[in-house]
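# Examination of the molecular architecture
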Amino acid sequence: MLSSIRTTAPLLSSTVFLLMGVGLLHTHIALQGAVLGFSVAMIGILTSAYYTGFLVGTYTVPKLTHRFGHIRSFAFCTSLVAVTALLQALTPAYGAWLVLRVLQGLLLVGLYAIIESWLNTAAEPRHRSTVFAAYMMLNLGASAAAQQFLRIRGEGFVLFCVVAILFCLASLPVVVTPQPQPSLRAAPRVQVGHMFRLVPTALVSALISGMALGAFWGLLPLYAAARGLGTAEIGTYMSVAIAGGVTLQLPLGRLSDRIDRRLALALISASAALVALVNLALPTAGPTVAMLLVFAFAGMSFALYPIAVAHLVDYLRRDDLLSGSSTVLLVNGIGSAVGPLLAGALMSLTRPAFLFGWFAILDSLLAGYALYRFMRRKREVTSDDNFVPRVHTTPGAMDPHPDTPEQPGKMGKTA
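Summarised in this report is the structure supplied together with it.

## Things to note about the overall build of the chain
Along its length, the chain carries 13 helices and zero strands. Going from N to C terminus, the chain has its helices and strands arranged as α-α-α-α-α-α-α-α-α-α-α-α-α. Considering the chain as a whole, with its 415 residues, one finds that 57% of them fall into the buried category. Of the roughly 15900 Å² that the chain leaves accessible, carbon and sulfur atoms contribute 68%.

## Remarks on the nonpolar core
One finds Leu220, Tyr237 and Phe359 to be the most contacted residues of the largest nonpolar core, which totals 99 residues. Discounting residues that sit within four places of it in the chain, leucine 220 has contacts with Ala215, Tyr237, Met238, Ala241, Val294, Leu355 and Phe356. Counting residues in each nonpolar core, the second largest holds 15 residues, with Ala202, Ala206, Tyr315 and Val331 among its members.

## Things to note about the packing of helix 2 (residues 40-68) against helix 8 (residues 200-226)
The interhelical angle for the contact between helix 2 and helix 8, taken along N-to-C directions, is 140°, at an axis separation of 9 Å. Looking at the two axes, helix 2 sits oblique to helix 8. The chirality of how helix 2 crosses helix 8 is right-handed. In contact with Val40, Ile43, Gly44, Thr47 and Tyr51 of helix 2, helix 8 contributes Leu213, Gly214, Trp217, Gly218, Leu219 and Leu222. Taken together, the residues that form the contact of helix 2 with helix 8 break down as seven nonpolar, four polar and no charged.

## Some details on the packing of aromatic side chains
Evaluated as defined, the whole model comprises 16 aromatic pairs. Ring centres of phenylalanine 216 and tryptophan 217 lie 5.3 Å apart, and the angle between their planes is 85°; this geometry places the pair in the edge-to-face category. Under the relative-accessibility criterion, phenylalanine 216 is labelled buried at 2%. Judged by its relative accessible area of 11%, tryptophan 217 is buried.

## Some thoughts on the packing of helix 8 against helix 13 (residues 355-376)
Two elements in contact, helix 8 and helix 13, have axes separated by 10 Å at closest approach and are oriented at 170°. Our classification of the angle between helix 8 and helix 13 gives roughly antiparallel. Contacts between helix 8 and helix 13 involve Pro200, Thr201, Val204, Ser205, Ile208, Met211, Ala212, Ala215, Phe216, Leu219, Leu220 and Tyr223 on the former and, on the latter, Leu355, Phe356, Trp358, Phe359, Leu362, Leu365, Leu366, Tyr369, Ala370 and Arg373. Looking at the contact of helix 8 with helix 13 residue by residue, the classes come out as 19 nonpolar, two polar and one charged.

## What to know about helix 11 (residues 287-313)
When the terminal C-alpha atoms of helix 11 are compared, their 40 Å separation across 27 residues agrees well with the 39 Å that a helix rising 1.5 Å per residue should span. Helix geometry: helix 11 is bent most strongly at leucine 304, by close to 25°, with proline proline 306 lying one to four residues after it. In terms of burial, helix 11 is largely enclosed, as 21 of its 27 residues are buried.

## Focus: the pattern of salt bridges
The final tally for this structure, using the stated rule, is four salt bridges. Ionic pairing is found between arginine 254 and aspartate 257, a salt bridge with its closest N-O pair at 3.5 Å. Of this pair, arginine 254 and aspartate 257 both sit in helix 9 (residues 231-258), three residues apart, which is roughly one turn of the helix. Exposure remark for arginine 254: the relative accessible area of 36% places this residue in the partly exposed category. Beyond isolated ion pairs, a larger network of salt bridges with shared partners links Arg254, Asp257, Arg261 and Asp314.

## Some points on helix 6 (residues 156-176)
Helix length check: helix 6 (21 residues) gives 32 Å between terminal C-alpha atoms against 30 Å at 1.5 Å per residue, within 8%. When helix 6 is considered as a whole, its buried residues turn out to be Gly156, Leu159, Phe160, Val162, Val163, Ala164, Leu166, Phe167, Ala170, Ser171, Pro173 and Val174.

## Let's talk about a nonpolar patch on the surface
Taken together, the side chains of Ile45, Leu207, Ile334, Val338, Leu341 and Leu342 define a hydrophobic patch exposed on the protein surface, amounting to about 420 Å² of accessible area. Tallying contributions element by element places helix 12 (residues 321-349) first for the nonpolar patch, with four residues.

## A short note on the environment of glutamine 249
Locating glutamine 249 in the fold gives a position in helix 9. Separated by 53 residues in sequence, glutamine 249 and phenylalanine 302 place their C-alpha atoms 6.6 Å apart.

## A closer look at the environment of proline 221
Tracing the chain through its elements places proline 221 in helix 8. Residue proline 221 is classed as buried on the basis of its relative accessible area, which comes to 0%. With 14 residues separating them in the primary sequence, proline 221 and glycine 235 have C-alpha atoms 8.4 Å apart. Among residues more than four places away in sequence, those in contact with proline 221 are Thr27, Ala30, Leu31, Phe216, Ile234 and Met238.

## So, the side chain of threonine 84
Looking at where threonine 84 falls in the secondary structure, it is placed in helix 3 (residues 70-90). Beyond its immediate stretch of four places on either side in the chain, threonine 84 contacts Leu100, Leu103 and Gln104.

## A word on the side chain of threonine 15
Along the polypeptide, threonine 15 turns up in helix 1 (residues 2-35). Residues within four places of threonine 15 in sequence aside, it is in contact with Ile115 and Tyr135.

What counts, and where the lines are drawn
- Residues numbered from 1 in each chain as written.
- Predicted model: local features only at pLDDT ≥ 70, side-chain atom pairs only at ≥ 80, totals over all residues.
- Heavy atoms only, no water.
- Helix = DSSP H or I, 4+ residues; strand = E, 2+ residues; numbered from the N terminus.
- Buried < 20%, exposed > 50% of the residue type's maximum accessible area, 1.4 Å probe, protein only.
- Areas by Shrake-Rupley, 256 points an atom, 1.4 Å probe, with all protein chains shown as cover.
- Core = buried A, V, L, I, M, F, W, Y, C linked by side-chain atoms within 4.5 Å.
- Contact = heavy atoms within 4.5 Å.
- Axes fitted to C-alpha atoms, helices over the stretch in contact; angles between N-to-C directions.
- Parallel < 35°, antiparallel > 145°, perpendicular 65-115°, else oblique.
- Left-handed = near helix turned anticlockwise from the far one by under 90°.
- Nonpolar A, V, L, I, M, F, W, Y, C, P; charged D, E, K, R; others polar.
- Phe/Tyr/Trp six-rings, centres within 6.5 Å; stacked < 30°, edge-to-face > 60°.
- Expected span 1.5 Å × (residues − 1).
- Bend = angle between axes of the 7 residues up to and from the residue.
- Salt bridge = Lys/Arg side-chain N within 4 Å of Asp/Glu carboxyl O.
- Patch = residues over 30% accessible without salt bridge, like charges linked within 9 Å, V, L, I, M, F, W, Y side chains within 5 Å.

Structural data, given as structure tokens:
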């Protein structure tokens, strides 16, 4: 175990700096965009642009890595994404920000893929699950910690500089690591139609989760500002929300191991919808109540996607894992791109507080669909059904689990 920690420490260190930069960038773009006079709908479009780049990068950046290798590709992407942050600090033009957000999404998904594929080969097989879980927790933990940089005083360009510094720091551990570069596998096929016929609940859950969390990352800071929170308080608010994702993901995932995952999805999404409605009904509640509500809501919301992936894995053969992971990631990414567009338009037409109305609608739809699928066809929960904490990254995130058990007899059934 110690050898796996020593081997992967440089990569995990890069992950911390990278995700701190990403988490701070998401929040600062929303807040600085509002300062520049961008409407809520315009900021929602910026978030959608990021996830559009994320989707495009899933297919384009691996070609760069195949051509130049992991280390040079990583250094290239971190340098360029730092440049995009600095360019945003230099120009208030909305069109430029739109292009830069697409480019940021494209580059960052490439960086995630490089880190994940490297972790796969660097960690010893018997410790891969542990390393993978640490990576997932660092993902959210770094994003939560980064929100405290919002306390730094100064003009808007100062935080863009901080973001660029974090991205540059992320390149250093990877550039100096003595570990050999891994070889890349061929890109797995995306099979939306086949996967939907096989496990429709997983794909619907991934889509709705993406629509909710895409709006969460891009628009929640604006909601907090409309609620009257100052910049430092918004940082704390976002940190508490992300901490909810870290804290509740594992216990809710364990719940999904003990009951039918569709029933778990229905119960968790229904509870999230109820919390969202309470938040909507209490727009003037004190800071403590607001923090507790967003902690509970985000904790349940972050658990939905990994449970959807676990449900998908329950019905796949070992050879189909990467294809299924790519498919569910694509569907989740589409939802992440569409969600901020619709939520931003809704907030512009009504009021910023109705962001939680959007969340309540989505979670209610998911609860109803998951419950319908559960009532239509039930499955037996077995001892080899295991939940693994996940966040939205790349198809390579499935690779650290070569020991995922093949479950014969499940192919051909639908869920």
